[in-house]
Amino acid sequence: MEVHRCRFVEYQPAAINALDFTPSTVKNTRLAVGRANGNIEIWDPTHQYRLEKTLPGGEDLSVESLAWAHQNTVVNPDADDTPEEILKETELLLEKPPRLFSSGLNPFIIEWDTTTMTAKKSCDSNGGAVWCLAVNSKGTRLAAGCEDGCIRMFDIADGALEFIRSFEPQKGRVLSVAWAPNDEYIVSGGSDSAIRTWNPLTGRTIHRMTVPKNRKEQTLVWAVAAINKMGTAKQMIRAHGADILCIAASKDGNQIFSAGVDRKITAFRRTPNSGKKNKTETVNDWINVGSRRYHWHDIRALALDERPKVNSIVSGGVDVELVACPAAEFPKLIQNRLPPFPHKYIVSMSKTHKLVMSSFFDSISIWRLGQAESVDTSSKHPALPEMIQPHQLALELKLKPDCNITSSAISEDAQWIAVSDVENIRLFKVSQGNEPGQLEVKKQRPFERELNHYLSQHHAAPGAHHVKFTPGSDKLILVTPESRILIIDLSSWEEGTFEVLREFGHHRGLDNEGNTSDDHAIATVVSIDVSSDGQWLVTGDDENRIHVFNLDSLKHHLKLPQGNIPHTALSFNEFRPNELLVALATNAFFIYDVEYKRLTNWSMTHQDMSKCRLLEQRDRIRGAIYNPADKNKMILYGSTYMCLVDIQDKPTAKKLGKRKNNETKLKLSTDDDIPVSISYQYQQILGCGFIGANQMVMIERPKFSVLENLPPSFYKAHFGA
């Protein structure tokens, strides 16, 4: 097989600055990950962690702190309300989704809409950069530590985000803040070598405690956690070789994790020690349980969820990688390293023109694939082929950095490029440049005018989460932040006409006529694909609703059965366009015949996948590709593996009598296993596909390529070295 192994896509993920789990009152636990480029990722910790969606950021919008809030108490109930009515109101509050707040190196605190993935509210702190956020246990108050040395309190009860008061100022910025478990007080740390406790009702200092410092410089208190009443230092443990940047404490206050510049995660546990002179008193001593170095650079954030169904301590930092470990068993069990690259839209291809388009935060690059000499595969040790024509950069397009790109696509005929963020959708016409091999683009302003006119007429929000061309390059499919699916005709572009042929609102809780359906929940569309013949469009949302639309008749065709396990990828078979692959978060998958609205015979035969080796992989399935040379096989790929699956529909054995059935039981049991072969040759796969029979394009970004672009990390010589 001829493989174009490409490493020219120099995608550099951003550093992780903040982590936070949803409160324990939330039914479906989620992890928010804030990055230095302003992106906020939402991860589902079930099924060995799955990236659910990414809230896009922008230039100078680095996320320094994140906080989930979930109100669990009725504020200011009416005097006439009975206990039963208050209990009902509380239950309604608990059914609402949690709220997500972020802050950065600007004075604004932002509340995010995790469905539309856009900013919902913002509030000016009037105190410079907001370094830290903390929400009380009731989910009604938000404390923010600011650059000017003040803690500011905000009311977030009942959907509000309003300023209440500013606390007494201190010298230097407030770097860390935390609420006491019972909301009795607030503890903060700053750049003046001091830790303070505050009365949240009055904003006045209760205690002030200094920490050890050098003569010439202040000690920065990067992280604090409140586990009981504070007054004097009880115990000091030296466990790190450099600054500690983050701390995570369990709810019962018996376990603490710390990490920082020395790349080490250390666990401490409280142990009762009654071996003192006065045996009636129990003294709690903290012991160092153990430590591990999972990272290659500074660890800037920790998040802990000790509930049995999650049981995770998650860490992240400058080396851009998330690492999840079992919290209760730390440091004994193996860690789970999560891929740092987005699952979609980094790479798209024009197979017939051998073009690869890569998308970064605010730019687009198009590469023309090279050509190598033919290799004699019959020899035992074939030599590596020499390049006749190297890969060539054909186009580099820089966009305004106001918002990070959410989606991009190149058409199969290489005539169109579509790029979207949450504010704009841009369409470019591609043509040959003056220099050989170079491309030029021209922005289609009539497209923007017609689309904006349509959106304003229908009171719809601008921007898009997904853009995709049909294989015939005659239609453009858009999915807006409000989960509107728009089908746009490109065939009349020469007249300057870009007609919206149809709008589907099924992920907004609407039916074919636009009326509210029984399933009225609005959800975020996370997956989209078009069949190779251009007839079928499939979309899936984060509520696990999967809809199939007919692009010929422009009608809704069917809704797939909604399961409990979320899907991670949707893909049509290139050679059997009616067959739809649905990959699940467990790495199990099934193939659905959308025309006949049933599972394929192969999928009916292999419904039990419990023994399949694919389920043992830590990475989720990202997509599927199909080799024209072998149309009965498909290749599933994740970030670190490729899996070849034989999907040929083989005839099954007929039902036999009881005696004959027992005799052939052993023979049939081996045939029920799914024939797969897994390869780990390629690592950190950004995208792949076939441009011809036995011609595969593999685009990868090895870990060492990411690490070599980072600044030097902390190093301490040992044993006199």
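Reference entry: report on the structure contained in this document. Here the structure is a predicted model, which means the values were calculated and not measured.

Criteria and thresholds
- Residues numbered from 1 in each chain as written.
- Predicted model: local features only at pLDDT ≥ 70, side-chain atom pairs only at ≥ 80, totals over all residues.
- Heavy atoms only, no water.
- Helix = DSSP H or I, 4+ residues; strand = E, 2+ residues; numbered from the N terminus.
- Rg over C-alpha atoms; globule rule 2.2 N^0.38 Å.
- Contact = heavy atoms within 4.5 Å.
- Areas by Shrake-Rupley, 256 points an atom, 1.4 Å probe, with all protein chains shown as cover.
- Pairing = 2+ DSSP bridges.
- Axes fitted to C-alpha atoms, helices over the stretch in contact; angles between N-to-C directions.
- Salt bridge = Lys/Arg side-chain N within 4 Å of Asp/Glu carboxyl O.
- Buried < 20%, exposed > 50% of the residue type's maximum accessible area, 1.4 Å probe, protein only.
- Disulfide = S-S within 2.5 Å.
- Patch = residues over 30% accessible without salt bridge, like charges linked within 9 Å, V, L, I, M, F, W, Y side chains within 5 Å.
- Lys, Arg positive; Asp, Glu negative; His and termini not counted.
- Charge placed at Lys NZ, Arg CZ, Asp CG, Glu CD.
- Phe/Tyr/Trp six-rings, centres within 6.5 Å; stacked < 30°, edge-to-face > 60°.
- Lys NZ or Arg CZ within 6 Å of the ring centre and 35° of its normal.

### Looking at the overall build of the protein chain
Consideration 1: In terms of regular secondary structure, the protein chain is built from six helices and 53 strands.
Consideration 2: Against the compact-globule benchmark of 27 Å for 721 residues, the protein chain has a radius of gyration of 28 Å, which places it among compact chains.
Consideration 3: Seen along its three principal axes, the alpha-carbon backbone of the protein chain occupies a region of about 80 × 65 × 65 Å.
Consideration 4: Taking the contacts inside the protein chain whose residues are at least 6 apart along the sequence as the reference set, 52% of them involve residues at least 24 apart.
Consideration 5: Carbon and sulfur atoms make up 49% of the accessible area of the protein chain, which amounts to about 35,000 Å² in all.

### Digging into the sheet that holds strand β43 (residues 555-559)
Consideration 1: In space, the four strands of this open sheet follow the order β40-β41-β42-β43, with antiparallel pairing throughout. Since the sheet does not close on itself, it has two edges, and those belong to β40 (525-530) and β43, each with one partner. Taking each pair of neighbouring strands and ignoring which way they run, the sheet shows an average axis angle of 25°.
Consideration 2: Relative to strand β42 (residues 546-550), strand β41 (residues 536-541) runs antiparallel, the two being bridged by five bridges. By the bridge assignment, Val 538 is partnered in β42 with Val 548.

### Quick word on the pattern of salt bridges
Consideration 1: What the rule picks out here adds up to 27 salt bridges.
Consideration 2: Residue Arg 50 pairs with Asp 44 through a salt bridge whose shortest N-O separation is 3.1 Å.
Consideration 3: The exposure class of Arg 50 is buried, given its relative accessible area of 8%.
Consideration 4: Put simply, Arg 337 and Glu 321 hold a salt bridge, and the shortest N to O gap is 3.1 Å. Here Arg 337 is found in strand β25 (residues 336-338), whereas its partner Glu 321 is found in the loop between β23 (312-317) and β24 (322-326), with 16 residues between them in sequence.
Consideration 5: Its relative accessible area of 5% is what places Glu 321 among the buried residues.
Consideration 6: Each of Arg 30, Asp 44, Arg 50 and Glu 52 takes part in salt bridges that share partners, so that together they form one network.

### Some remarks on the pairing of strand β3 (residues 31-35)
Consideration 1: Burial of β3 is extensive: five of the five residues sit out of reach of the surface.
Consideration 2: The side-chain alternation of β3 yields two buried faces, one formed by Leu 31, Val 33 and Arg 35 and the other by Ala 32 and Gly 34.
Consideration 3: Across five bridges, the pairing between strand β2 (residues 16-21) and β3 is antiparallel. Along β3, the bridge assignment pairs Ile 16 with Arg 35.
Consideration 4: Hairpin connection from β3 to strand β4 (residues 40-44): four residues lie between these consecutive antiparallel strands, with Gly 38 at a positive phi of about 95°.

### Topic: the state of the cysteines
Consideration 1: Per the stated rule, a full pass over the model turns up zero disulfides.
Consideration 2: Here Cys 150 stays unpaired: no disulfide links it, and the sulfur of Cys 146, its closest cysteine neighbor, is 7.4 Å away.
Consideration 3: No disulfide involves Cys 246; its sulfur sits 13 Å from that of Cys 325, the nearest cysteine.
Consideration 4: Judged by relative accessible area, Cys 246 falls into the buried class, the value being 5%.

### Points about a negative patch on the surface
Consideration 1: Among the surface-exposed residues, Asp 78, Asp 80, Glu 84, Glu 85 and Glu 89 lie close enough to one another that they form a single negatively charged patch.
Consideration 2: Note on placement: Glu 89 falls in helix α1 (residues 83-95).
Consideration 3: Judged by relative accessible area, Glu 89 falls into the partly exposed class, the value being 31%.

### Regarding unusual backbone geometry
Consideration 1: The omega torsion across Phe 330 and Pro 331 is 5°, close enough to zero to call that bond cis.
Consideration 2: Of note, Pro 331 is situated in the loop between β24 and β25.
Consideration 3: With phi around 70°, Tyr 49 is a residue other than glycine that occupies positive phi space.
Consideration 4: Mapping Tyr 49 onto the fold places it in the loop between β4 and β5 (50-55).
Consideration 5: The phi torsion at Arg 263 lies on the positive side, around 70°, for a residue other than glycine.
Consideration 6: Inspection of the secondary structure assignment puts Arg 263 in the loop between β19 (255-260) and β20 (265-273).

### Things to note about the packing of aromatic side chains
Consideration 1: Going through the model one piece at a time under the given rule, you end up with twelve aromatic pairs.
Consideration 2: The interplanar angle of 85° and the centroid separation of 6.4 Å between the aromatic rings of Trp 416 and Phe 498 together place this pair among those described as edge-to-face. In this pair, Trp 416 sits in strand β33 (residues 416-420) while Phe 498 sits in the loop between β38 (485-489) and β39 (500-504), placing the two residues 82 residues apart along the sequence.
Consideration 3: By relative accessible area, Phe 498 is classed as buried at 3%.
Consideration 4: Put simply, the rings of Tyr 11, Phe 341, Phe 360 and Phe 361 touch in pairs and so form one group of aromatic residues.
Consideration 5: Positioned over the ring face of Trp 416 is Lys 429, at 5.3 Å from the centre of the ring.

### What to know about the sheet that holds strand β52 (residues 685-692)
Strand pairing in a sheet takes place through backbone hydrogen bonds and is either antiparallel or parallel in direction.
Consideration 1: Reading across the sheet, the three strands line up as β1-β53-β52 and stay open at both edges, with mixed pairing between neighbours. For this open sheet the edge positions go to β1 (2-6) and β52, each flanked by a neighbour on one side alone. Sheet twist, expressed as the average angle between the axes of neighbouring strands with direction ignored, equals 15°.

### A short note on the environment of Pro 23
Consideration 1: With respect to the secondary-structure elements, Pro 23 resides in the loop between β2 and β3.
Consideration 2: Residues in contact with Pro 23, not counting those within four places in the same chain, are Trp 68, His 70 and Arg 307.

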